[in-house]
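Commentary on secondary and tertiary structure
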Amino acid sequence: MQAAPTNPALSAPAFSAYVFEANAIQKFVLEGGRLRDMVGASHLVEGLCCWPDADGAKDLVQSVLDAVDLAGDSRLEMPRRAGGALVLLHPSRPHLERFRRLWTLSLRLHAPALDFTDSIGAGADPLAAVQDAYTAMRCRRSIKPATLPVIGPMMAVAPHTGRAAVARRHDELLDGATTRKRLDVHRDGTLLPDKIGLVQGWTWPVLLDRADDPTDSGAAFPFVDDNRYLAVIHADGNSLGKVVGDLSETLAQAGRATDYSAVFSRFSRMVDEVTRKAVAQATEVAVLPFAVEQVVPMRPLVVGGDDVTVIVRADLAVAFTVAFLKAFRQLSHQPLAKLKQELDLNCLPDELTAGAGLVFAKARQPFYRAYDLCETLAAEAKRVGKENGGLQCLAFHRVTTMVPDTSWAALRRNLTRDGLCLGMGAYAVDDPAGGVPTLAALLRLRDMIVKTAGFGGPLREIAAQMHDGSRASAQAGYARWRQVWTSRSPDDLQAFDAHLADLGVTNQSALPITADGRTPIWDAVTLAALSGPLESE
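Keep in mind it's a predicted model, so treat the numbers as computed, not measured. (Residues numbered from 1 in each chain as written. Predicted model: local features only at pLDDT ≥ 70, side-chain atom pairs only at ≥ 80, totals over all residues. Heavy atoms only, no water.)

**Regarding the nonpolar core**
Grouped together as the largest cluster of nonpolar side chains are 165 residues, with contacts concentrated most on Phe99, Phe267, Phe320, Phe360 and Phe496. Each residue touching Phe320, except ones within four places of it in the same chain, is listed here: Ile233, Val279, Ala282, Thr283, Ala286, Val287, Met298, Val310 and Val312. (Core = buried A, V, L, I, M, F, W, Y, C linked by side-chain atoms within 4.5 Å. Buried < 20%, exposed > 50% of the residue type's maximum accessible area, 1.4 Å probe, protein only. Contact = heavy atoms within 4.5 Å.)

Shown next, in the form of structure tokens:
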């Protein structure tokens, strides 16, 4: 007996989803080491995919949608469009396939060498379609898009990136990505600051040093005196993946899978807006007052979704990071409450928090290596915060070698001498809910070292002896230093001991070490050497 034919219209999935993620954005931005190239790369990434702003500027997504006649299609839904990530929903898979072909081609021309992963999925509802697409994309992460042209034995190589050279400028061989980054359209470097909403009228640096390119008329980074340390800062939202998972699960259990696009587009926009506003607020409070002849001592590189990467003059880095973390949390309260009420989603948290990593490095050191460590420090800060009731934390390190450690275990191992760990690890920006040392206590100790004549030199020497593994010499030097200050100014010594106690050091007469073998002196001396704004000011 012949089976009855099936109706394709009844068996076909109702929705198709296209998902895209740009990978290793910071590596693309920071490779090469020249600030001019970083600015151009930041411009390219910002023009990739972002929610439309008030001035109606087009990103690459919009240009491709226009080209494939999807821009005015009422059936097209876009739950996510920020931070180098894109999600499209449409009933017709061929429409998304057509978009995908032109989008990936345009992307390779727009930002050569930018790594990405994408996939298409299908399902009975928007949530199922997106989940299917992400499942397929996870299987494709090891499949890397080809970088053209392929390097052959007779082809020159760009020395800063190792890719095939396609152009020569002033006797410098450039690959395709660097050539794109140096287009004249990127020269003013104001696209990202303007999109963040920073006050206009300031000049943003595009050179680390005037000697990098004497023919470039752009502004150079405004260093102070001979201190040429910069900080690479990376901040990332805490548990955003869990929040997204809870949202998906709540919609599925409540039978609201068809609300996926509306819910996630509003949530994605909200996170992106909170992040940008927090960066703007932190910049206005902690950076702009220290501009030199209207040149801002900072360069935002990646600001999208809950992801922030900036370069700041070293002495302002801690203040900027603290201001950002506090603003990120504060600015998220009202929009989250509004989403909860209007979308009936009690699974949303009351606030968003983040963790941050800071790496202090000299301007001539490779920034992409500093960023790898920065990401590690941010992950450690997030881990400590998560394990202690959702604290906002930061971790920092000053690089003194050309090839720094990039794993947390290797870093701590190399900072451990004779059972003594130099540094306390992550510091809580918020009031602690456990045994996490607070940044405020460390800054008070730093301020005292900077402001009290005769403190800094001996403590730096004692810290150096601990770093060299000379624990006995450090202990003898510390005992002599305490004896001197007992007779010179017992009040200052008592205040110093109080600051140590705030950081968990209970036995101040021996070396200033916590019960678990860590010392805050190394961190305090490091920050004192970078001479940031004092806590008491």
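This is not the end of the story, as more comes after the structure.
**Things to note about the sheet that holds strand E14 (residues 427-428)**
Remark on secondary structure: sheet strands pair via backbone hydrogen bonds, oriented parallel or antiparallel. Pairing is mixed in the open sheet, where six strands are placed in the order E8-E9-E7-E10-E11-E14. Strands with a single pairing partner mark the edges of an open sheet, and in this sheet they are strand E8 (298-304) and E14. Pairing of E8 with strand E9 (residues 307-313), which is carried by six bridges, proceeds in the antiparallel orientation. Each bridged residue has a counterpart across the sheet, and for Gly304 the counterpart in E9 is Asp307. Contacting strand E7 (229-237), E8, E9, strand E10 (354-362) and strand E11 (393-398), helix H11 (residues 317-343) crosses the sheet at an angle of about 165° to E10. (Pairing = 2+ DSSP bridges. Helix = DSSP H or I, 4+ residues; strand = E, 2+ residues; numbered from the N terminus. Axes fitted to C-alpha atoms, helices over the stretch in contact; angles between N-to-C directions.)

**Some thoughts on the pattern of salt bridges**
Scanning the entire structure with this criterion turns up 31 salt bridges. Of the charged contacts, one joins Asp236 and Lys382 as a salt bridge, the two residues approaching to 3.1 Å between their closest N and O atoms. One end of the pair, Asp236, is in strand E7; the other, Lys382, is in helix H12 (residues 367-387), with 146 residues separating them in the sequence. Salt bridges linked by common partners bring Glu31, Arg163, Asp175 and Lys181 together as one network. (Salt bridge = Lys/Arg side-chain N within 4 Å of Asp/Glu carboxyl O.)

**Let's talk about the sheet that holds strand E15 (residues 518-519)**
One open sheet holds the three strands; their spatial order is E12-E13-E15, and the pairing between them is mixed. The sheet is open, and its two borders are formed by strand E12 (416-417) and E15, each paired with just one other strand. Two elements, strand E13 (residues 420-422) and E15, share two bridges in a ladder whose sense is parallel. Residue Cys421 lies in a different strand from E15, and its bridge partner there is Arg518. Seen against the sheet, helix H15 (residues 456-467) touches E12, E13 and E15 and runs at an angle of roughly 125° to E13.

**Comments concerning unusual backbone geometry**
In the Ramachandran plot, Asp69 falls in the positive-phi region, its phi being about 60° despite a non-glycine side chain. Along the chain, Asp69 turns up in the loop between helix H4 (60-67) and strand E2 (77-82). In this structure Asp69 comes out as exposed when scored by relative accessible area, which is 66%.

**What about the packing of aromatic side chains?**
According to the stated counting rule, one finds 15 aromatic pairs in the structure shown. Seen in terms of ring centroids, Tyr478 and Trp481 are 5.8 Å apart; in terms of plane orientation they differ by 20°. Their pairing is stacked. Of this pair, Tyr478 and Trp481 both sit in helix H16 (residues 471-488), three residues apart, which is roughly one turn of the helix. Of the two residues, Tyr478 and Trp481, neither departs from the other in class, the shared state being buried. (Phe/Tyr/Trp six-rings, centres within 6.5 Å; stacked < 30°, edge-to-face > 60°.)

**Some details on the pairing of strand E4 (residues 116-123)**
Burial within E4 is extensive, with seven of its eight residues counted as buried. Sheet topology note: the strand E1 (residues 15-22)/E4 ladder contains eight bridges and is antiparallel. Across the sheet, the residue bridging to Phe20 is Asp118, located in E4.

**Some points on the pairing of E7**
With eight of its nine residues buried, E7 lies for the most part within the structure. Judged from the nine bridges that link them, E7 and E10 form a sheet pairing that is antiparallel. Of the residues in E10, the one forming a bridge with Asp236 is Gly355. Alignment of E7 against E9, held across seven bridges, turns out to be antiparallel. The partner of His234 across the bridge, within E9, is Thr309.

**Thoughts on the side chain of Glu172**
Residue position: Glu172 is located in strand E6 (residues 172-175). Side chain to side chain, Glu172 and Arg182 meet in a polar contact 3.1 Å long. Discounting chain neighbours no more than four positions away, the residues touching Glu172 are Arg34, His160, Ala167 and Arg182. (Polar contact = N/O pair within 3.5 Å; in protein donor to acceptor, adjacent residues only side chain to side chain.)

**Comments concerning the state of the cysteines**
Applying the stated rule across the entire model yields zero disulfides. Looking at the unpaired Cys374, the closest cysteine sulfur is the one in Cys393, lying at 15 Å. Under the relative-accessibility criterion, Cys393 is labelled buried at 0%. (Disulfide = S-S within 2.5 Å.)

**Remarks on the packing of helix H14 (residues 439-451) against helix H17 (residues 490-502)**
Two elements in contact, H14 and H17, have axes whose closest approach is 8 Å; the angle formed by their N-to-C orientations is 155°. With respect to H17, the axis of H14 lies roughly antiparallel. Note on packing geometry: the crossing formed by H14 with H17 is left-handed. Counting all contacts with H14, which are made through Ala441, Arg444, Leu445 and Met448, the residues of H17 involved are Asp492, Ala495, Phe496, His499, Leu500 and Asp502. Among the residues making up the contact of H14 with H17, the classes are represented as six nonpolar, one polar and three charged. (Parallel < 35°, antiparallel > 145°, perpendicular 65-115°, else oblique. Left-handed = near helix turned anticlockwise from the far one by under 90°. Nonpolar A, V, L, I, M, F, W, Y, C, P; charged D, E, K, R; others polar.)

**Here's the deal with the packing of H15 against H16**
Close contact between H15 and H16 brings their axes to 8 Å; oriented N to C, the two are set at 160°. Of the possible angle classes, the one that applies to H15 and H16 is roughly antiparallel. By crossing handedness, the relation of H15 to H16 is classed as left-handed. Note on element contacts: H16 touches H15 through Ser473, Ala474, Gly477, Tyr478 and Trp481, opposite Pro458, Leu459, Ile462, Gln465 and Met466. Looking at the contact of H15 with H16 residue by residue, the classes come out as seven nonpolar, three polar and no charged.

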